[in-house]
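Chain residues, written in single-letter form:
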Amino acid sequence: MFTHIFFNRLKCLLRDKMTIFWTMVFPLLLATFYQLAFSNLTANEKFQPVNIAVVDDENWDKNENFRQVLKDVSTAEDNLFNLQVISYDEAEKLLQNNKISGYIIVDEPIKLVVSKSDINQSIVKSFIDIYMQNYSAFDRILSENPAMLKQLTNNTGKRQTFVYETAFPGGKPNFVVNYFYSLIAMACFYGGFLGMREINEIQANISSVAARVNVAPVHKMKAFLSSSAASLLVQYCEMLILLSYMTFILGVSFGNKFGYILITTLIGSIAGLSFGAFISALAKKTEGVKSAILILTTMVCSFLSGMMQQSIKYSISRNVPFLSWINPLNLLTDSFYCLYYYDTLSRYAINIVVIIAFILIFSTTTYFILRRRKYASL
Amino acid sequence: MQVFKLCIQIIKKNLPVLSIYVFVFLMVSLIVSASITKEQQKISTFNSSKSNIAFISEEDTPFINGLKDELGNIANFVDLPDIKEELQDALFFRSVSYILRIPEGFTERFMNGDDVTIEKIAVPDSFSNTYIDMCIDNYLNMAKLYVTSFDNITQDELVGYLKKDLSKNALVEVKTNGETSENHSYINYIFNYFSYSLLSVIILGMSTLILVFNNRDLKMRNGCSPMSSAKINLQFVLANLTFTFSSWAIMILLCLAVNFKNSFNMNIVYFILNSFIFAFCSASIS
């Protein structure tokens, strides 16, 4: 009987185009749009050599030191600037047309002309400041210790790098992936539509299909579990399609813990189904209202887990950590985040335990609402 | 106009579900509106950009305090507990873009002329990475110059010299060309999120209409009606376009209502125009 209900239920679900759209096609579409919108989100963080100009006048020709230093940083392999030596009028024109971040007039002191205050302009200013500050330090040292002249001359241009870069073990700090993780969490909880349908079709006072199922010579729990298993299979397959699409077509990184990612997706799918069932059992309203509650809850939880703005998730976890722990979508998003970014599994394990606790709460409540319900008349 | 009227009736029936997206959009707009303070100022003076950094020092010496003071000119210090996960999270979500760690005994070794290094963790290849590196290396290179030039120089003397040298700054002239710098991040954000809500509303509404009209029985019934299929299709398209336009208009009005405090400029007109085209693009996607 289990397989009979299971396979028939599977057929019913696969023919329900509306549910398939919301649980599979909609997340796929969103993932595509996310990729189109967010793929270059980190591009403006990346350092690009700054376009600058220097006014070609008598002072520029005379100041050999500055000329040499500026040319060195503009021609090196990891150059700081793309330098143009041009007339004042040309420099003015390029600045007005935003072709350069600023131009330098070699004078006493050196002058920088910019059109706005931004990171590019700040880097140019810092460079000139550093030149002038070093010049001042040389001046002071020579005035107090003239014997240093030879050593200072030899050391000119030999600057030591004191700062060395390390990285945290695990994934790169690429915040864009969090948008996709929260999207997976949302898709898991859109599986709630399937859970909701299961409840609607097991409560005889809600639908005629349920009324028929209730008079069948099969235990209600058995009928419910077998049809829920079909829903879970559909939901998990849809999630695997979404995961594959994100990984192989869109190139979203999930780290290298593939087994854990599949387990997390399965747990997320179960959580989504049980959540839908829970909402459906709890709200004794029409299907439209139940759908509305499900969408509203999922949307709010998605927002709080950073689906629309990634910094929201961080702000909440820093300022209202309690809200992070009671939001199952955030826990699911965070589980994917932990698998991608951390080298340890401790926080991931805690997230998964709390999600399982949520599944138990949703399922137990649903069970107690549904069990032993008899209908005097329909 | 029976078909048109039917479409409107179907939309009316689905209004509660559609309004959820509009409601969530409105809530998000209000939250963002309340949290982002709009800075609007005419540029006249140059302000160096500041990056958010975490400064973790395992020692407290005048030399390191001098470095921190100097960094304060180009960085905002974010207080974070020295816990790996907290630092990792802060870097990932860009609460900080640079984490600097001064090891214990750094100053002593530096003053003795030993080779020393400082560990940093930053967003790779970023602007702030280059910017802050420049500042730290400059401070330490200049300090090294003094340490090698003057025997037995004390930390306080060193910091005093550095402070005087580092006060030398380039003269910066800002030629604004009459432009104003306006922080559009708020309105940018609202319109970014607007497109998501609009797309959802239009897909939801139109897919409901199309699903109803694609019902086999209804199709057959419509097929034998005295109305021509061209007329039915025309009315159906008209209803979809009306729905698209109404959804766009309602959400734009809400958007402007939330944004009423801020000035209305050409950028907002372009945003509206953009969203109008996007609305019909969404309709064709649906």
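All figures in this text were calculated on a predicted structure; none of them were measured in a lab.

1. Considering the overall build of chain B
The helix and strand tally for chain B stands at eleven helices and seven strands. Computed over the C-alpha atoms, the radius of gyration of chain B is 30 Å, more than 25% above the 19 Å expected from 2.2 N^0.38 for a compact globule of 286 residues. Reported as C-alpha extents along the three principal axes, the dimensions of chain B are approximately 105 × 45 × 25 Å. Here chain B holds 286 residues, and the buried ones make up 49% of them. Look at the contacts in chain B between residues 6 or more apart in sequence, and 76% of them connect residues 24 or more apart. Just so you have it, chain B exposes about 14100 Å², and 57% of that area is on carbon and sulfur atoms. Placing the 22 positive and 27 negative side-chain charges of chain B at their respective mean positions leaves the two points 24 Å apart.

2. Structural notes on the packing of aromatic side chains
For the structure shown, the criterion picks out 52 aromatic pairs over all chains. Ring plane angle 85 degrees and centroid distance 5.2 Å describe the contact between A:Phe21 and A:Trp22, whose orientation is recorded as edge-to-face. Each of the two residues, A:Phe21 as well as A:Trp22, counts as buried. An aromatic cluster is built from A:Tyr181, A:Phe254, A:Tyr314, A:Phe336, A:Tyr337, A:Tyr340, A:Tyr341, A:Tyr342, B:Phe92 and B:Phe93, whose rings are joined through pairwise contacts. One residue, A:Lys313, lies across the ring of A:Tyr337, its end atom 5.6 Å from the ring centre. Over the ring of B:Phe77 we find B:Lys68; its NZ or CZ atom is 5.2 Å from the centre of that ring.

3. Focus: the pattern of salt bridges
All names here are of chain A. Under the criterion given, the structure shown has 20 salt bridges over all chains. Residues Lys62 and Glu58 are paired through a salt bridge, measuring 3.6 Å at the closest nitrogen-oxygen approach. Here the residue Lys62 and the residue Glu58 both occupy positions in helix 3 (residues 58-62), the gap between them amounting to four residues, near one helical turn. Note on Glu58: relative accessible area 57%, which makes it exposed.

4. A look at the nonpolar core
The biggest cluster of nonpolar side chains holds 126 residues, and the ones touching the most others in it are A:Ile184, A:Met186, A:Tyr190, A:Met246, A:Phe254, A:Met299 and B:Ile99. In terms of residue count, helix 8 (residues 185-213) of chain B provides more of this core than any other element does, 16 residues in total. Excluding residues that lie within four positions of it along the chain, A:Phe254 makes contacts with A:Tyr181, A:Ile184, A:Leu243, A:Met246, A:Thr247, A:Ile261, A:Phe336, A:Leu339 and A:Tyr340.

5. Remarks on a nonpolar patch on the surface
A contiguous nonpolar patch, built from B:Met266, B:Val269, B:Tyr270, B:Leu273 and B:Ile277 and spanning about 500 Å² of accessible area, is present on the exposed surface. In this structure, B:Met266 sits in helix 11 (residues 266-285).

6. Considerations on the domain arrangement of chain B
For chain B, the assigned domains read domain 1 (2-37 + 183-285) and domain 2 (58-166). The straight-line distance from the C-alpha centre of domain 1 of chain B to that of domain 2 of chain B is 53 Å.

7. Description of helix 11 of chain B
Residues and elements named next belong to chain B. Taking 1.5 Å per residue as the helical rise, helix 11 with its 20 residues ought to reach 28 Å, and the 28 Å between its terminal C-alpha atoms agrees with that figure. Of the positions making up helix 11, those classed as buried are Ile268, Ile272, Ser275, Ala279, Ser282 and Ala283. Along the axis of helix 11, the buried residues cluster in a sector spanning 95 degrees; they form a single face. Exposed positions of helix 11 whose direction lies more than 90 degrees from the buried face are Tyr270, Asn274, Ile277 and Ser284.

8. Section: the sheet that holds strand 1 (residues 50-55) of chain A
Each strand in a sheet pairs with its neighbour through backbone hydrogen bonds, running either in the same direction (parallel) or in the opposite one (antiparallel). The five strands lie next to each other as 2(A)-1(A)-3(A)-4(A)-6(B), forming an open sheet whose pairing is mixed. Each edge of the open sheet carries a strand with a single partner, namely strand 2 (81-86) of chain A together with strand 6 (171-174) of chain B. Each neighbouring strand pair of the sheet contributes to a mean axis angle of 25 degrees, computed without reference to strand direction. Relative to strand 4 (residues 111-114) of chain A, strand 3 (residues 102-105) of chain A runs antiparallel, the two sharing four bridges. Along strand 4 of chain A, the bridge assignment pairs A:Ile105 with A:Lys111. Where helix 4 (residues 64-75) of chain A meets the sheet, it contacts strand 1, strand 2 and strand 3 of chain A, and its direction lies at approximately 135 degrees from that of strand 2 of chain A. Relative to strand 3 of chain A, helix 5 (residues 88-96) of chain A is tilted by about 155 degrees, and along the sheet it contacts strand 1, strand 2, strand 3 and strand 4 of chain A.

9. Things to note about the packing of helix 12 (residues 258-282) of chain A against helix 17 (residues 346-370) of chain A
In helix packing, the relevant descriptors are the interaxial angle and the interaxial distance, both defined with respect to the helix axes. Residue and element names in this part refer to chain A. Between helix 12 and helix 17, the least distance of the axes is 8 Å, while the angle of their chain directions is 30 degrees. Between helix 12 and helix 17, the angle falls in the class roughly parallel. Between helix 12 and helix 17 lies a crossing of left-handed hand. Contacts between helix 12 and helix 17 involve Tyr260, Thr264, Ile267, Ile270, Ala271, Ser274, Phe275, Ala277, Phe278, Ala281 and Leu282 on the former and, on the latter, Tyr348, Ile352, Ile355, Ile356, Ile359, Phe362, Ser363, Thr365, Thr366 and Ile369. Split by residue class, the contact of helix 12 with helix 17 holds 16 nonpolar, five polar and no charged.

10. Remarks on the interface of chain B and chain A
Contacts between the two partners involve 84 residues from chain B and, on the opposite side, 92 residues from chain A. For the pair chain B and chain A, the two sides together bury roughly 8100 Å², of which 63% comes from carbon and sulfur. Considering only the side of chain B, the residues that lose the most area to chain A are B:Phe92, B:Phe93 and B:Phe127, jointly responsible for 11% of the buried surface there. Counting across the interface, chain B meets chain A through nine salt bridges. A salt bridge links B:Glu86 to A:Arg318; the nearest nitrogen and oxygen atoms lie 3.2 Å apart. For the pair chain B and chain A, the interface holds 37 residue pairs in polar contact (both at pLDDT 80 or more).

11. A short note on the pairing of strand 3 of chain A
All names here are of chain A. Of the two faces of strand 3, the one carrying Gly102 and Ile104 and the one carrying Tyr103 and Ile105 are both buried. Taken together, the three bridges between strand 1 and strand 3 define a ladder with parallel strand orientation. Residue pairing in the sheet places Ala53 in a bridge with Tyr103 of strand 3. Taking the residues between adjacent antiparallel strands as the criterion, strand 3 and strand 4 are bridged by five residues.

12. Some thoughts on the domain arrangement of chain A
Put simply, an interface is often sized by how much accessible area is lost when its parts join up. Looking at the assigned domains, one finds that chain A contains domain 1 (2-38 + 179-370) and domain 2 (49-155). Once you take the C-alpha centre of each, domain 1 of chain A and domain 2 of chain A turn out to be 58 Å apart.

Rules used throughout
Numbering of residues starts from 1 in every chain and runs along the sequence as written. Throughout, the order in which chains and ligands are written sets their labels, letters from A for the former and numbers from 1 for the latter. Side-chain atom pairs in this predicted model are given and counted only at pLDDT of 80 or more, local residue features only at pLDDT of at least 70, and totals for whole chains, interfaces and linings cover all residues. Remark: hydrogens and water are excluded; side-chain values derive from all non-hydrogen atoms of the structure. Numbering of helices and strands runs from the N terminus; a helix is a DSSP stretch of H or I covering at least four residues, while a strand is a stretch of E covering at least two. The globule rule used for comparison is 2.2 Å times the number of residues to the exponent 0.38, while the radius of gyration itself is calculated over C-alpha atoms. Summary of the burial criterion: residues with accessible area below 20% of their type's maximum are buried, those above 50% are exposed, and those between are partly exposed, where the area comes from a 1.4 Å probe applied to protein chains only. Residue contacts are defined here by distance: any two heavy atoms, one from each residue, within 4.5 Å place the two residues in contact. For the accessible areas, the method is Shrake-Rupley and the probe is 1.4 Å, while residue cover comes only from the protein chains on display. All tallies of charge rest on Lys and Arg as positive and Asp and Glu as negative; His and the ends of each chain are not included. Charged groups are reduced to one reference atom each: NZ for lysine, CZ for arginine, CG for aspartic acid, CD for glutamic acid. Ring geometry is summarised as follows: Phe, Tyr and Trp rings, the Trp one being its six-membered ring, pair when their centres sit within 6.5 Å, and such pairs are stacked at plane angles under 30 degrees, edge-to-face over 60 and tilted between the two. Counting as a charge over the ring demands two things of the Lys NZ or Arg CZ atom: a distance within 6 Å of the ring centre and an angle within 35 degrees of the ring normal. For salt bridges, the criterion is a side-chain nitrogen of Lys or Arg within 4 Å of an Asp or Glu carboxyl oxygen. For the purposes of this section, nonpolar cores are sets of buried Ala, Val, Leu, Ile, Met, Phe, Trp, Tyr and Cys residues that join through side-chain atoms within 4.5 Å. Within this analysis, patches are made of residues with over 30% relative accessible area and no salt bridge. Like charges are joined at 9 Å or less; nonpolar side chains (Val, Leu, Ile, Met, Phe, Trp, Tyr) at 5 Å or less. Throughout the structure description, domain borders are defined by an automatic or database domain assignment. The length a helix should cover is 1.5 Å for every residue beyond the first. Read the arc as the range of directions from the helix axis to the C-beta atoms. DSSP-based pairing: two strands are paired if at least 2 bridges between them are found. For every element, the axis is a line fit to its C-alpha atoms; helices are fit only across the contacting stretch, and the angle between N-to-C directions ranges from 0 to 180 degrees. Any angle between 65 and 115 degrees counts as roughly perpendicular, while under 35 counts as roughly parallel, over 145 as roughly antiparallel, and the rest as oblique. By the definition used in this description, the sense in which the near helix is turned from the far one sets the handedness, with an anticlockwise turn below a right angle giving left-handed and a clockwise turn giving right-handed. Each residue gets one label: Ala, Val, Leu, Ile, Met, Phe, Trp, Tyr, Cys and Pro are nonpolar, Asp, Glu, Lys and Arg are charged, and the others, such as Gly, are polar. Here the quantity called buried area is the accessible surface, traced with a 1.4 Å probe, that two parts lose on coming together, added over both. A 3.5 Å cut-off defines polar contacts: any pair of N or O atoms within that distance qualifies, except that in protein one atom must be a possible hydrogen donor and the other a possible acceptor, and neighbouring residues in sequence count only when both atoms are side-chain atoms.

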